[in-house]
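Breakdown of the fold
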Amino acid sequence: MEETTSDWIDRFDGLRRLPGDIRRDLIAGSQVVEVPEGTQIFAPGQSADNLLLLLEGTVRVQQKSETGREVFLYRVHAGESCVLTTACMLAFEDYAADGIAETDVRAVAIPRATFDAMVARSPIFRRFVFTAYSRRITDLFTLIDDIVFQRMDVRLAARLLELADAAGVVHATHAHLASELGTAREVISRTLSEFHRRGWIEQARGEVRLSGREGLERLARSAGER
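Note that this is a predicted model, so its numbers are computed, not measured.

Considerations on the overall build of the protein chain
Along the backbone of the protein chain there are nine helices and ten strands. For the protein chain, the proportion of its 226 residues judged to be buried stands at 42%.

Written as structure tokens, this is what we have:
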């Protein structure tokens, strides 16, 4: 289905107040793209040529350590943009992480020329870009704090609750959860075994079922009670 100018611009709170001439130039200089699930959208060493504003789906941004361990950084959801792409476009730097389409993705691609013109011409567009940037930087500082200071069982409980679908099932392997939390698969396996002993989860191949959600929620809340 085709998106009209108003349709996709109005999905982003910070862009709704763009004046008519800026809106027309932004839509004329951008395009709606579709990316299949599993596609690598960007990789380390690639140049940032387009800012993606997500309309549907999620993109996972992760970094690989020298030992080969994948560390989850953040997700980009519908209605958001990628802060790493923004940083690379502003600084004319190449990517230093991977962006993977976790689902089928539909997005608006704003090429560098259009991006640069909008940043220069429109205070509203600049505010949109830098507001999204500052929010994600705050999220990344929170991630660092979690990794350094929070117990792994608390972090894993919170992430299971976040990733569970409507049926209370997390479709993820131990290795995937380890990547999400920046730790070793063995640590995740030990912690999940303890959750199972407490009656909070049931495990099957490639999934974790939350059978005792209340216990996980109590554990996750304990982070804010320290």
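Here's the deal with the state of the cysteines
Considering all chains together, one arrives at zero disulfides under this definition. For the unlinked cysteine C82, the closest cysteine sulfur is that of C88, found at 8.0 Å.

Notes on the side chain of T183
One can find T183 in the loop between helix 7 (174-181) and helix 8 (185-197). With near-sequence residues (within four places) excluded, T183 lies in contact with R69, M152, A178 and I188.

Describing the pairing of strand 7 (residues 105-111)
In terms of burial, strand 7 is largely enclosed, as six of its seven residues are buried. In the sheet, strand 1 (residues 31-35) pairs with strand 7 via five bridges, with the strands oriented antiparallel. Of the residues in strand 7, the one forming a bridge with V32 is V108. With six bridges connecting them, strand 3 (residues 50-56) and strand 7 associate as antiparallel partners. Across the sheet, residue L54 finds its bridge partner in strand 7, namely A107.

Some remarks on the sheet that holds strand 8 (residues 169-170)
Overall, antiparallel pairing links the three strands, which are arranged 8-10-9 in an open sheet. Of all strands in the sheet, those bounded by a partner on one side alone are strand 8 and strand 9 (201-204). The strands touched by helix 8 are strand 9 and strand 10 (207-210); relative to strand 9, the strand with the most contacts, the crossing angle is about 125 degrees.

A closer look at the pairing of strand 4 (residues 59-64)
With six bridges connecting them, strand 4 and strand 5 (residues 70-76) associate as antiparallel partners. Across the sheet, the residue bridging to Q63 is V71, located in strand 5.

Quick word on the nonpolar core
Ranked by internal contacts, the top residues of the largest apolar core, which has 39 residues, are W8, L15, L26, L53, L84 and F125. Excluding residues within four positions of it along the chain, L26 makes contact with W8, I9, L15, L18, I110, T114, M118 and F125. By size, the runner-up hydrophobic cluster in this structure holds 21 residues, among which are I188, F195, W200 and I201.

With respect to unusual backbone geometry
Phi at F92 takes a positive value of approximately 55 degrees, unusual for a residue other than glycine. Positionally, F92 belongs in the loop between helix 3 (83-91) and strand 6 (98-101).

Details of the pattern of salt bridges
Any two side chains of opposite charge can pair, on the condition that their charged atoms come close. Here the structure, examined in full by the defined rule, presents 15 salt bridges. In this structure, D153 and R151 form a salt bridge, with 2.7 Å as the shortest nitrogen-oxygen distance. The exposure class assigned to D153 is buried, which follows from its relative accessible area of 18%. Look at the salt bridges and you will find they share partners, linking R60, R75, E102, R159, E162 and E180 into a network.

Considerations on the packing of helix 7 against helix 8
Direction vectors running N to C along helix 7 and helix 8 enclose 110 degrees, while the axes themselves pass 8 Å from each other. In this view, helix 7 runs roughly perpendicular relative to helix 8, as classed from their interaxial angle. Along its contact with helix 7, which presents H174, A175, L177, A178 and L181, the element helix 8 presents R185, I188, S189 and L192. Among the residues making up the contact of helix 7 with helix 8, the classes are represented as six nonpolar, two polar and one charged.

Examining the packing of aromatic side chains
Counted by the stated rule, this structure contains six aromatic pairs. A ring pair is formed by F42 and Y95, whose centres lie 4.0 Å apart and whose planes are at 5 degrees; its orientation type is stacked. With F42 in strand 2 (residues 40-42) and Y95 in the loop between helix 3 and strand 6, this residue pair connects regions lying 53 residues apart in the sequence. Each member of the pair, F42 as well as Y95, is classed as buried. Arranged with centres 6.1 Å apart and planes meeting at 75 degrees, the rings of F115 and F125 form a pair that is edge-to-face. Of this pair, F115 sits in helix 4 (residues 112-121) while F125 sits in helix 5 (residues 123-149); the two residues are ten residues apart in sequence, bridging distant segments of the chain.

Cut-offs and rules
Residues numbered from 1 in each chain as written. Predicted model: local features only at pLDDT ≥ 70, side-chain atom pairs only at ≥ 80, totals over all residues. Heavy atoms only, no water. Helix = DSSP H or I, 4+ residues; strand = E, 2+ residues; numbered from the N terminus. Buried < 20%, exposed > 50% of the residue type's maximum accessible area, 1.4 Å probe, protein only. Disulfide = S-S within 2.5 Å. Contact = heavy atoms within 4.5 Å. Pairing = 2+ DSSP bridges. Axes fitted to C-alpha atoms, helices over the stretch in contact; angles between N-to-C directions. Core = buried A, V, L, I, M, F, W, Y, C linked by side-chain atoms within 4.5 Å. Salt bridge = Lys/Arg side-chain N within 4 Å of Asp/Glu carboxyl O. Parallel < 35°, antiparallel > 145°, perpendicular 65-115°, else oblique. Nonpolar A, V, L, I, M, F, W, Y, C, P; charged D, E, K, R; others polar. Phe/Tyr/Trp six-rings, centres within 6.5 Å; stacked < 30°, edge-to-face > 60°.

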